[in-house]
Each structure stands twice: as structure tokens, then as C-alpha cells.
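Residue-level structural notes
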Amino acid sequence: MNSTLILFLAFIAVTLGITYWAAKRSATAGAYFAANRQIKAWQNGVAVAGDYMSAASFLGIAGLIAFNGYDGFMYSVGWLVAYLTVLLIVAEPLRNTGKYTMADVLAYRLRPRPVRAMASLSTLTVSTFYMIAQMVGAGALVALLLKGAHISFSTAVIGVGILMIVYVVFGGMLATTWVQIIKAILLMAGTILLSILVMNHFGWSFGSFFGAITHVTYHDPKGAVVVKDFLQPGGMYKPPYGPLDLISLGIALIFGTAGLPHILVRFYTVPDAKTARHSVVWAMVLIGAFYIMTTFLGFGAATVVGRDFITKNGGQNMSGPQLASALGGSLFFAFICAIAFATILAVVAGLTISASTSFAHDFWTNVIHKGTERSPGEEVKVARVTAFVVGAVAILIAIELGPNFNVAFLVALAFAVAASANLPVIVLSIFWKRFNTAGAVWGLAIGLLSSIVLILIGPSIMGPQATAYIHRSAPIFPLQNPGIVSVPLGFVGAWLGTMLGKREADAESKFTELEVRANIGLGAEKAMAAH
Amino acid sequence: MPDSTQKTGAPIQASAPSSAASASQWDRVAATDEFKQLLKAKVRFVVPATIFFIVYYFLLPFLVGYYPKTMDKRVWGPVNIAYLFALSQFFVAWLIAWLYVRAARNFDAQADRILARLAKGGK
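1. Brief notes about the overall build of chain B
Scanning chain B from terminus to terminus reveals four helices and two strands. Sequence-ordered secondary structure for chain B, helices as α and strands as β, is α-α-α-β-β-α. Looking at chain B as a whole, 20% of its 123 residues are labelled buried. Nonlocal contacts in chain B, meaning residues at least 24 apart in sequence, comprise 67% of its contacts between residues at least 6 apart.

Encoded structure:
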């Protein structure tokens, strides 16, 4: 275990070093929040990939495939295809019309105070949901690594959480961008290595690799031996509601990404819309390659290590690290764990910064203080305090949930909230002239509320299975992912609010301005000179 | 806000985009044939591409969910249609992205022409 700890500490030292270096350079708000808009396309693409490929992708998907087979791979597919929504619909208009946060786009032609207040609330919610999953993953990982030292899951979550928050509070966006880039490269390298080791294990024969997947052996909870074909669909999504739940998950995944505040803010760090577009493509290449390789991680863990061993040693979320341990020994295990840790650190940093930026910029300055900073640097200070608060909330809920929730599943819920609350209002404010403030507030509120309520009364919180939080015979809402209901509700809410609200002459006349600006970049925020 | 340190290379400085002074500028641009053509060209690519990727994507959970037997047919050794169809999603997504980047080169050129004309004729 010592080698793991040494690698760990080495990585933490390097990342904190970068933070220190970046902290000295990020004195102004433009630098803290948007890295002076000087990030290059490839850098931003790698950083988007870094922000996106979280514990859910590296630990969660591998676990889902290792335990349920083919159905887990559905997460991989949805999470890549989602980028087409970002590329074709959201990235460029967003870059051209906003400044620091998702809400800038909404506030552009709508009445800023109510819109920013609601958008800030939904940003905080999505980020917190997402962060809970990361904290669960981090806690499980560190608890497994330090098993000999008797560190509990709660202690691990608190320790990791505090480290991450400190990181963001001092570094800001520039440090976050660099940690994303370094982490994305490490993660790709680790995944490629792991895939090579899996294929090596099967003598470089796809035939014998896929052959092994068709008869995965494990013991069910009652102790009986099960031999199952893991390529067969239906391992996780069983009738009667399974197929519908699978479609619901798909809706959340492909429409959620374009509503994720921490991904959207990345497009403000580049100089123009063209760079934003190219950075999405860079991200798609990396993310796609990574998700294809989850085939090796997940099925590799299922065949080489097996459910039985993983269940007893760290649980489902630790399938990837256990595969590394089985194929590459303790040093490689240490390396993969360090990468997983870096992955989580980077994602939490990205989430914290988007949540705190949204609160400081949208809520504090624009809603409470009507658009002016009372003293220079106030916004940055408020953002730092928010980072601490959001981090603390996520840590507490993660401890409450415990280590057994699959992190990919938890993150998919954050996607459902983003797809239901944020995506409808972003799309409508860019494309619908008649859209007004009431529509945005209603859309955000109904999308947010419906997705959260449906999760709370769904089978992941209420139900007979062991992971459920409230045990009762049947959940009120039968689907695990609420997307299929809550995303349409978000759109309906936005439409209904618009129709019931007063027509806003200002919003409609500014639509032309937004359309011109979104499409040719006239008047868009320019790159800033570094200080 | 520290935006005063803008780079100077940009052709147009509409630093206060919503001010009354520049309000007419937006309408002027929006009224030009060039701008209308740009919008039409974008719609002609983005709308079919979006519909296609959404339909192609949702075919996967739909077929896998409702026709698991058919999708489980082995077509390449032990590999079934379900896995190959899932894998194809990655390549289709990359293909659409590539086609969009190619099409967007024309959009950029059109936008640059509009911006250049504005810079020449504007204030």
C-alpha cells in the first residue's frame, strides 16, 4: 500500500503546485472565472473531457458493466452522443452571448433578476447532485486504499472534500483548467494501459475476450452459482419498466450534458465561437475513445476479477481499480487509484467553480446588489465562500448515502435535473422570440422540482431493494431516472409560463440582437490580455 | 469588471451591445440578405442533423429495451447486434461532428464577410 500513498502524495503535490502558480496569476474576476478567455481549442477540448469524465465514467460505468453486463454500456453511448446536442445547438450561441455563467444567456434578453435567481438555484442543485456522486466515489476509493490504516468512509469523504475545496478556492478557473488537462491525459493513459492489459490477458484475441463475456460466473446473494451471458441486453433494465427506464436514462444523458453548468462555463474560456466548436470536437474524440474502452474496463472486471471478489473488496465502484490490481499488480493498482483520485479532484474543482461562480455572479452581484460590485474583488470573495458551503453540503449528503450507491447512477440523476431544468430554457431563449421571463422562471422551477420530486419518490430512494433509502414495498414513481417525464415537463412549464405571462416587448426586440450576436459573434466577449 | 483590457485586433468593438446607440446596428445586420442566408444555411444543416442523431440514438434504447431477443442475435462470433449497434453510435456521432465542422467553415466565412462589411461601413 505504500507505493499507492507515495504516488498519491506526489500527485497532490504537483496539482497544488500548479494551483499556487495559477493563484498568483488570477487576480481579476475575468481571470478567476474565465481564464481570460485565452484557452486554446485543444486545451479546452481536453479540459472539457477532463471535466466530463468523472468518477461516474471511470469508476461508475466500469462497475455497472462488471455487475450487470451490456446495459451498463448504455451509459457510455449516451454520454458521448450527448455532445452532439452541445455541438449543434448550444456551444456557439452560448459563447457569443454570455460572459461567465449559464444564466448570462438567459439574462441577455429577459429580466435579469428573477431569471438569474432561478438559474443560480438550478446550477447549485445540479452541481451539488453531481458532486455528491464524486464524493461517494472518492470516499470509497480512499477508504479502500487506506484499508490498513482503518480510515472510515466518512473520514475519507471529509478529508478528500476539504482538500478539493481548498484547491478551488485558491486556484480559480485557470488552475482548474490545467488540472483538467493533466488529469484527462493521465486518465486516457491509464485507460489505454488497462485495456491493453485486458487484451493481453486474453492473448490478443477478441474472440476469446467476447467469448469469456458470454459466460460470466458469480454467486447471487443467496449463494447459488450463476452463469450469465453479459453481452445479453436486459441485465439491469428488466420488464415491466426497464425498457422505459432505459429510454428515460437516454433522454437525461443526451439532453443533460448541454444543461450542465460546469461544462457550459468551459466555453467562456476560449476566445471565440469557432474555438468553442473545435474544442467540442476535441472533447468528443477523447471522450468517445474513452467510452469505447469502458468495454475493456467493465467486461474485463467482470471476467478477470468477477463480481464476487469486487463485492467483498471495495464494492461495485471499485471494479476498475480491482481489475488493475489483478492484471498489473500493486504498483499499477496504485497508479490507477491515483488517476481515479485525480479524476475526482478535477471534476469536483470544476463543479465547485461553476456553482460558486453562479452564486457570486448571478445571485450575489446581479440579484442582491443589482449588477454592481460594491467593492473590487467582492465577487471573487463571495465565490470562495460559496465553494466552501457547496462542498460541505455535498460531503454531508455523500456520508449520509454511504459507499454503496453506484456513482454513474447518481451522476445520471444530476443529468436528469440539468436536462429538465436548464436545457429547455437555454434552447428556448436562443430560438424562441416570444419566450419571456415568466417562461424561463416557470421552466426552471418546474423542471427542477419535477425531476427532484420524481427521484425522491422513485425506486432509488423508495423501494424494497437494499440500496433504497426509504424502505417500502413499492416506489410511487416506477422509473429510476425521471427524464422521460421531467424533461417534457420542463419544456411545458417554459411554454406555459411564457403564454400565461405578459408579452415582453423588450425581450422580443432583443431577440434580433441575440440572434445576430449568436450567429456572427458581433459584440461577443473578447479575449482579455493576461496580467 | 476588468473587461477594459480587451485585445485590439478585433474589427468591431460593440462593447455595450444593448445600448441604444448600437440598437439599429443589430436590426441592420438582421435585415441583410447575407445574414438571412447564413441563418438559412445553418438551419438546413443543423435541423436534419439533429433529427437524425436523435432518431438514431433513441433507436438503441428502444430496440434493446423492447426487442432484446432480436438484438441479442450473434452476428460476429459471440458478438451480438446489440453491442455492434451501440458501438456504431460512437462512429455516427463522430461522423456528424466532422460533417458539422466542415459545414461550419462556410458559416464562418459568411459571418466574417458580414463583420468585415460592417467594419468598413460602420462607425
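Read on for the rest.
2. Digging into the confidence of the model for chain A
Considering every residue of chain A, the mean pLDDT works out to 86; 90% of them sit at 70 or more. For chain A, helix α2 (residues 29-34) of chain A is the element with the lowest average pLDDT, namely 55, and helix α18 (residues 483-500) of chain A is the one with the highest, namely 97.

3. Thoughts on the interface of chain A and chain B
For an interface, size is often stated in terms of accessible area lost upon the parts coming together. At the junction of the two partners, chain A supplies 49 residues and chain B supplies 53 residues. Taken together, the elements giving at least two residues each to the side of chain A that touches chain B come down to α2, α5 (70-97), α9 (206-213), α10 (242-256), α12 (273-305) and α19 (505-520) of chain A. When residues in the side of chain A that touches chain B are grouped by element, the largest group, ten residues, is from α5 of chain A. Considering only residue class, the side of chain A that touches chain B consists of 28 nonpolar, 14 polar and seven charged.

4. Let's talk about the nonpolar core
Counting 210 residues, the largest nonpolar core has Ile287 and Ala412 of chain A as its most contacted members. If one sorts the elements of this core by residue count, helix α14 (residues 319-368) of chain A sits on top with 29 residues. Within the second largest apolar cluster, ten residues are counted, among which are Leu38, Phe107, Ala111 and Ile114 of chain B.

5. Quick notes on the confidence of the model for chain B
Detail in the predicted coordinates should be disregarded across regions flagged by low pLDDT. Residue and element names in this part refer to chain B. Averaged over all residues, the pLDDT of chain B equals 83, while 80% of them reach at least 70. Highest mean pLDDT in chain B belongs to helix α2 (residues 33-66) (96); lowest belongs to helix α1 (residues 20-31) (74). Taken as a whole, residues 1-21 scores under 50 in pLDDT and shows 31 contacts with residues more than four places along the chain or in a different chain. For this predicted complex, the interface confidence reaches an ipTM of 0.90, while the overall pTM sits at 0.89.

6. Observations regarding the environment of Lys502 of chain A
Looking at the element boundaries, Lys502 of chain A is found in the loop between α18 and α19. Separated by 63 residues in sequence, Lys502 of chain A and Gly439 of chain A have C-alpha atoms that sit 9.8 Å apart.

7. Things to note about α19 of chain A
Residues three or four positions apart in an α-helix share a direction because the helix packs 3.6 residues into each turn. All names here are of chain A. An ideal rise of 1.5 Å per residue puts 22 Å on 16 residues; α19 measures up with 24 Å between its terminal C-alpha atoms. If you check which residues of α19 are buried, you get Ala507, Lys510, Phe511, Glu513, Leu514, Glu515, Val516, Arg517, Ala518, Asn519 and Ile520. Taken from the residues just after α19, Gly521 is the one with a positive phi, measuring 80°.

8. A word on the pairing of strand β1 (residues 216-219) of chain A
Residue and element names in this part refer to chain A. Bridge analysis of β1 against strand β2 (residues 225-228) gives four bridges, and the strand direction is antiparallel. The residue of β2 that forms the bridge with Val216 is Lys228. Between β1 and β2, which pair antiparallel in sequence order, lie five residues; one of them, Gly223, sits at a positive phi of approximately 100°.

9. Thoughts on the environment of Thr311 of chain A
Residue and element names in this part refer to chain A. In this structure, Thr311 sits in helix α13 (residues 307-312). Look at Thr311 and you get partly exposed, because 16 C-beta atoms sit within 10 Å. Separated by 93 residues in the primary sequence, Thr311 and Asn404 place their C-alpha atoms 9.9 Å from one another.

10. Re unusual backbone geometry
All names here are of chain A. The peptide bond linking Pro239 to Pro240 adopts the cis configuration, its omega dihedral lying at 5°. Looking at the secondary structure, you find Pro240 in the loop between β2 and α10. Despite not being glycine, Trp204 shows a phi value in the positive range, around 55°. Within the secondary structure layout, Trp204 lies in the loop between α8 (153-201) and α9.

11. Topic: the packing of α5 of chain A against helix α4 (residues 81-121) of chain B
It is the contact of α5 of chain A with α4 of chain B, at a shortest axis distance of 10 Å, that shows an interaxial angle of 15°. What the angle tells us is that α5 of chain A and α4 of chain B run roughly parallel. Here α5 of chain A runs over α4 of chain B; the crossing is left-handed. Contact residues: α5 of chain A offers Tyr70, Phe73, Val77, Leu80, Val81, Leu84, Leu87 and Leu88 of chain A, while α4 of chain B offers Ala82, Tyr83, Ala86, Gln89, Phe90, Ala93, Ile96, Ala97 and Tyr100 of chain B. Taken together, the residues of the contact of α5 of chain A with α4 of chain B break down into 16 nonpolar, one polar and no charged.

12. Topic: the environment of Pro482 of chain A
Mapped onto the elements, Pro482 of chain A comes out in the loop between α17 (437-456) and α18. Spatially, the C-alpha atoms of Pro482 of chain A and Leu249 of chain A are 7.7 Å apart, while their sequence positions differ by 233 residues.

13. Some details on α10 of chain A
With 15 residues, α10 of chain A should reach 21 Å at 1.5 Å per residue; the first-to-last C-alpha distance of 20 Å fits that figure. Across the 15 residues that make up α10 of chain A, a large majority, 14, are buried.

14. Focus on the packing of α10 of chain A against helix α16 (residues 407-431) of chain A
Residue and element names in this part refer to chain A. One can describe the packing of α10 onto α16 by two numbers: an axis separation of 8 Å at closest approach and a directional angle of 65°. Of the two elements, α10 crosses α16, and the hand of that crossing is left-handed. Residue-level inspection shows Leu249, Ile251, Ala252, Leu253, Phe255 and Gly256 of α10 in contact with α16, the latter providing Ala412, Phe415, Ala416, Ala418, Ala419 and Leu423. Of the residues that constitute the contact of α10 with α16, the class distribution is eleven nonpolar, one polar and no charged.

Reading the values: the criteria
- Residues numbered from 1 in each chain as written.
- Chains lettered and ligands numbered in written order.
- Predicted model: local features only at pLDDT ≥ 70, side-chain atom pairs only at ≥ 80, totals over all residues.
- Helix = DSSP H or I, 4+ residues; strand = E, 2+ residues; numbered from the N terminus.
- Buried ≥ 20, exposed ≤ 12 C-beta atoms within 10 Å, placed from the backbone.
- Contact = placed C-beta atoms within 7 Å.
- pLDDT = per-residue confidence, 0-100.
- Nonpolar A, V, L, I, M, F, W, Y, C, P; charged D, E, K, R; others polar.
- Core = buried A, V, L, I, M, F, W, Y, C linked by C-beta atoms within 7 Å.
- Expected span 1.5 Å × (residues − 1).
- Pairing = 2+ DSSP bridges.
- Axes fitted to C-alpha atoms, helices over the stretch in contact; angles between N-to-C directions.
- Parallel < 35°, antiparallel > 145°, perpendicular 65-115°, else oblique.
- Left-handed = near helix turned anticlockwise from the far one by under 90°.

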